Amino acid sequence: MSEKSQITLSGVPEGFDAQAVLKELGKNGTPVLHIARDDKRMVAMQAALRFFAPDVPVVVFPGWDCLPYDRVSPNADISAQRMATLAGLVHGMPDRFILLTTLNAATQRVPARDVLRDAAFSARVGDRIDEAALRGFLVRMGFVQSPTVTEPGDYAIRGGIIDIFPPGDLGPVRLDLFGDTLDGARRFDPVTQRTTEKLELVELAPVSEVILDESAITRFRQNYRIEFGAAGTDDPLYEAISAGRKHQGAEHWMSFFHETLETLFDYVPRATITLDDQLTAQRLSRWESIADQYETRRLAMANRSKMDSVYKPAPPEGLYLTDTAWETALIGKRVISFKPLPQPTGPHVLDAGGRLGRNFAPERQQETVSLFGALAEHIKVKLQEGPVVIASYSDGARERLTGLIEDEGMGETIAIKNGTRIGKRGLHLAVWALEHGFEAPWESGSSASKLTVISEQDILGDRLIRSPKRKRRAENFLTETQSLSPGDLVVHVDHGVGRYLGMEVVTAAGAAPAQTPPTLDIYWIDVEGGAATLAESPDRESVLMDAGWPRPDFRDTERIEAAMRDAGITEIDYLLISHFHRDHVGGVPQLAD
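Draft legend 1. Structural context of the overall build of the protein. Looking only at helices and strands, the protein features 20 helices and 29 strands. Counting every position in the protein, which comprises 593 residues, the buried fraction comes to 45%. Partitioning the intrachain contacts of the protein with sequence separation of at least 6 by distance along the chain shows that 68% fall at a separation of at least 24.

Written out as structure tokens, the structure is:
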């Protein structure tokens, strides 16, 4: 990558990074491709962009929700959204828009642009339609026939009515045929079946990155035999694709189906690339993980027993970007790497002026200090420098904070829907799921000041996300009834209001009441490429198998601890490590601390 194209922009804390992206969009008049560390960061960036500039077009390109070299395909909704985004980039987008994606998605190759241009169907009302050809097109493009369409990628045929759920979020389309003529087309609600829009033109794009046309099948067979030799009768993937049937997990051999694959950067050649903090280290770690998984699959293939199903892994370079391929893809592009903390300025190192906001953790820990009194004093000081925004997670939280702040004598607060309503001064309250606040330069009209953003989490601490409650066992119901006293009013689910008189043991056919046996509870913990499994035995002994990645933000450790809390486990009795790869053993030191 050319040195001149690489810029480090420091002083860009999370939240303020959306302002940096918007400023870059307005400066050059070209698209901006922002690559987030993971899905959580992408969603946070999308929320921040929606807050500061709700009218700016934002397109999302998600990554697969399955692991490299998995046996399953990515979720149909995700595949459809990916193909809808690629089709939109090929067939026309505004000059200025923001494309959001993740590191996993950006480091994975995609079908070439010519494939998206050629693999399309369009028809106008009044045109003649070959139903058999349309059905063949839908199958080749990855659509699945079903009785009714419920999600992107479904299609249903009932006489002269053809329902198709194309990729995207606009909803399914119904084609009404009179003979072989398209008599009408409309978009409808899949739940109520009511028409939402009448259409004159219908355009369809693929829903899968694997297109099973004749040339793709031939190409797959040739590449598969070149890589692995002649396929035997015990290879279900080869047999299914040869017969023109979609096989679960076939996307992991995508490079075998296409003549060439491109990168997401090829779809937006003029775009400025902005990179999330810590992206380089995570990218290199991801490639190491992919290489490990490939090697594991390759060794398993060599040592396969007769009872194992065959899995022949494709070389990772065909689908994923190596470090060299990544650097090559960014040659000649304007690339801006965000850093939340300030760094000394110099050649290609700039300071955006943003700083992390104040956290009120010390005040929360001192019983003699008024938390909201300290908050009010801080707000009064910051109001002298410019507007102040308090970001809450919900409307209810905003209302509660409004009352607590006004009780401290802060006067009137201003409720706003988005950042376009922020004035030159004043205390504003918004619904914005921001983890940590910041302070940054702010321009309102022709005047410049400083914007202070305080998050609800800065004030009240980490937000508690309640996981779904585990099903209560029979003995738990008996325990709960001990809180009742004879004579208490109760509500029966079938008979309504009644009075509780007591409980008695009922013997049926001479048999004592059955006791619910203790169970073995197993929790699979998503550590994004690594492994961690928590089990609790019927005797209430706990076992943790693997501990995920070693990460500076303690992501995997926090997820394991959340699973322990859900299970009611305070400490691990046994720790088992399957093998000493970083994605399995790396989190042990952090978990021990």
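Draft legend 2. Region of the structure containing the nonpolar core. With 36 residues, the main nonpolar core has Leu-49, Phe-51, Phe-52, Trp-432, Phe-438 and Leu-451 as its most contacted residues. Those residues within four positions of Leu-451 in sequence are excluded, and the remaining contacts are Phe-52, Pro-387, Val-389, Ile-422, Phe-438, Glu-439, Ala-440 and Trp-442.

Draft legend 3. Up close: the packing of aromatic side chains. Taken as a whole, this structure holds 17 aromatic pairs when the rule is applied. Here Phe-220 and Phe-256 contribute two aromatic rings whose centre-to-centre distance is 6.3 Å and whose plane-to-plane angle is 50°, an arrangement assigned as tilted. Of the two residues, Phe-220 sits in helix H7 (residues 214-228) while Phe-256 sits in helix H9 (residues 254-257), which places them 36 residues apart along the sequence. Owing to a relative accessible area of 0%, Phe-220 belongs among the buried residues under this scheme. For Phe-256, a relative accessible area of 6% corresponds to the buried category. Between Tyr-224 and Tyr-238, the aromatic rings sit 5.5 Å apart at their centres with planes inclined by 35°, giving tilted as the arrangement. Of this pair, Tyr-224 sits in helix H7 while Tyr-238 sits in helix H8 (residues 236-242), placing them 14 residues apart in sequence. When its relative accessible area of 1% is taken as the criterion, Tyr-224 is described as buried. What makes Tyr-238 buried here is its relative accessible area of 10%. The lysine or arginine in question, Arg-174, covers the ring of Phe-188, its NZ or CZ lying 4.3 Å from the ring centre. Between the NZ or CZ atom of Arg-297 and the centre of the ring of Tyr-311, over which it lies, the distance is 4.0 Å.

Draft legend 4. Examining unusual backbone geometry more closely. Positive phi, close to 65°, is recorded for His-348, a residue that is not glycine. Structurally, His-348 can be placed in the loop between strand E16 (335-338) and strand E17 (349-351). Note on His-348: relative accessible area 33%, which makes it partly exposed. Positive phi, close to 70°, is recorded for Asp-546, a residue that is not glycine. Relative to the helices and strands, Asp-546 resides in the loop between strand E28 (542-545) and helix H18 (555-567). A relative accessible area of 3% places Asp-546 in the buried class.

Draft legend 5. Representation of H7 in the model. In this model, H7 (15 residues) spans 21 Å end to end at C-alpha, consistent with the 21 Å of a helix rising 1.5 Å per residue. Of all the residues in H7, the buried ones are Ala-216, Ile-217, Phe-220, Tyr-224 and Phe-228. Projected down its long axis, H7 shows its buried positions confined to an angular sector of 100°, all on one face. Of the residues in H7, the exposed ones pointing more than 90 degrees away from the buried face are Glu-214 and Ile-226. Each element contacted by the buried residues of H7 is listed here: H8 and H9.

Draft legend 6. Structural detail: the environment of Thr-102. Within the secondary structure, Thr-102 is located in strand E4 (residues 98-102). In this structure Thr-102 comes out as buried when scored by relative accessible area, which is 2%. On a C-alpha basis, the gap between Thr-102 and Arg-41 in space is 8.3 Å, while along the polypeptide they are 61 residues apart. Look past the residues within four positions of Thr-102 in its chain and what remains in contact with it is Ile-35, Ala-36, Asp-38, Asp-39, Met-42, Phe-61 and Gly-63.

Draft legend 7. Geometry of helix H2 (residues 39-52). The terminal C-alpha atoms of H2 lie 20 Å apart, and with 14 residues this matches the ideal 20 Å at 1.5 Å per residue to within 8%. Among all positions of H2, only Arg-41, Met-42, Met-45, Ala-47, Ala-48, Leu-49, Phe-51 and Phe-52 are buried. The N-cap residue of H2 is Asp-38: its side-chain oxygen and the backbone nitrogen of Lys-40 are 3.2 Å apart.

Calculation criteria
- Residues numbered from 1 in each chain as written.
- Predicted model: local features only at pLDDT ≥ 70, side-chain atom pairs only at ≥ 80, totals over all residues.
- Heavy atoms only, no water.
- Helix = DSSP H or I, 4+ residues; strand = E, 2+ residues; numbered from the N terminus.
- Buried < 20%, exposed > 50% of the residue type's maximum accessible area, 1.4 Å probe, protein only.
- Contact = heavy atoms within 4.5 Å.
- Core = buried A, V, L, I, M, F, W, Y, C linked by side-chain atoms within 4.5 Å.
- Phe/Tyr/Trp six-rings, centres within 6.5 Å; stacked < 30°, edge-to-face > 60°.
- Lys NZ or Arg CZ within 6 Å of the ring centre and 35° of its normal.
- Expected span 1.5 Å × (residues − 1).
- Arc of directions from axis to C-beta.
- Polar contact = N/O pair within 3.5 Å; in protein donor to acceptor, adjacent residues only side chain to side chain.

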